[in-house]
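# What the coordinates show
As a plain string of letters, each chain reads:
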Amino acid sequence: MTLPSIAQLKSQAKRLRSALAAKGQTLSHSQALELLSAQHGFKDWNTASATASRPNRMTIAVGDRVAGSYMKQPFEGEVLSLSRVGPAGHYRVTLHFDTAVDVVTFDSFSAYRSRVSCLIDADGIAVKRTSDGEPYLRLQRTE
């Protein structure tokens, strides 16, 4: 999920103002920009425009085939959902693994996961880490 460009956000603000004006409600352009910024999860227009002007490094989208490692175990699967979390460039991703992954390394115990959600950065690496410092998830597009 990507943030629209600055030009697209300004165009949306213009359409919002026109739609509200047709219903008898007045709204300044800056108020419309602030409302759109809030709708996209930003505290104000300055933050939204600064974020929109940065290049988007996220290379995966919903429905993409991905591969990588989860809890140090290899996997292949599909992206079920992807949403931006705040302006820091983090994303919440939900994956469905083709084959369930055993996330326990003990021989006498197993715990399989076939669907996981994780907070990742724009490079597809989990923000949180295991006790030995490895990211929970590393993923890449397989197409």
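Residues numbered from 1 in each chain as written. Predicted model: local features only at pLDDT ≥ 70, side-chain atom pairs only at ≥ 80, totals over all residues. Heavy atoms only, no water.

## Structural notes on helix α3 (residues 45-53)
Those residues of α3 that sit buried are Trp45, Ala48, Ser49, Thr51 and Ala52. With its buried residues spanning 165° around the axis, α3 presents them on a single face. In α3, the exposed positions angled more than 90 degrees off the buried face are occupied by Asn46 and Ser53. Looking at the packing, one finds that the buried side of α3 touches α1 (6-22), α2 (29-39) and β2 (73-85). Between the side-chain oxygen of the N-cap and the backbone nitrogen of asparagine 46 there are 3.3 Å, and the N-cap of α3 in question is aspartate 44. (Buried < 20%, exposed > 50% of the residue type's maximum accessible area, 1.4 Å probe, protein only. Helix = DSSP H or I, 4+ residues; strand = E, 2+ residues; numbered from the N terminus. Arc of directions from axis to C-beta. Contact = heavy atoms within 4.5 Å. Polar contact = N/O pair within 3.5 Å; in protein donor to acceptor, adjacent residues only side chain to side chain.)

## Considerations on the packing of α1 against α3
Two elements in contact, α1 and α3, have axes whose closest approach is 9 Å; the angle formed by their N-to-C orientations is 140°. It follows that α1 is oblique to α3 by the angle criterion. Together, Ile6, Leu9 and Lys10 of α1 and Trp45, Ser49, Ala52 and Ser53 of α3 make up the contact between the two elements. Of the residues assigned to the contact of α1 with α3, the class counts are four nonpolar, two polar and one charged. (Axes fitted to C-alpha atoms, helices over the stretch in contact; angles between N-to-C directions. Parallel < 35°, antiparallel > 145°, perpendicular 65-115°, else oblique. Nonpolar A, V, L, I, M, F, W, Y, C, P; charged D, E, K, R; others polar.)

## Re the packing of aromatic side chains
Per the stated rule, a full pass over the model turns up two aromatic pairs. With 5.8 Å between their ring centres and 50° between their planes, tyrosine 70 and phenylalanine 97 make a pair best called tilted. In this pair, tyrosine 70 sits in strand β1 (residues 65-70) while phenylalanine 97 sits in strand β3 (residues 90-102), placing the two residues 27 residues apart along the sequence. Here tyrosine 70 falls in the buried class, since its relative accessible area comes to 12%. When its relative accessible area of 1% is taken as the criterion, phenylalanine 97 is described as buried. Relative to phenylalanine 97, the ring of phenylalanine 75 lies with its centre 4.6 Å away and its plane at 40°, an arrangement referred to as tilted. Here phenylalanine 97 lies in strand β3 and phenylalanine 75 lies in strand β2, a separation of 22 residues in the sequence. By the ring-pair criterion, three or more aromatic residues cluster together here, those being Tyr70, Phe75 and Phe97. (Phe/Tyr/Trp six-rings, centres within 6.5 Å; stacked < 30°, edge-to-face > 60°.)

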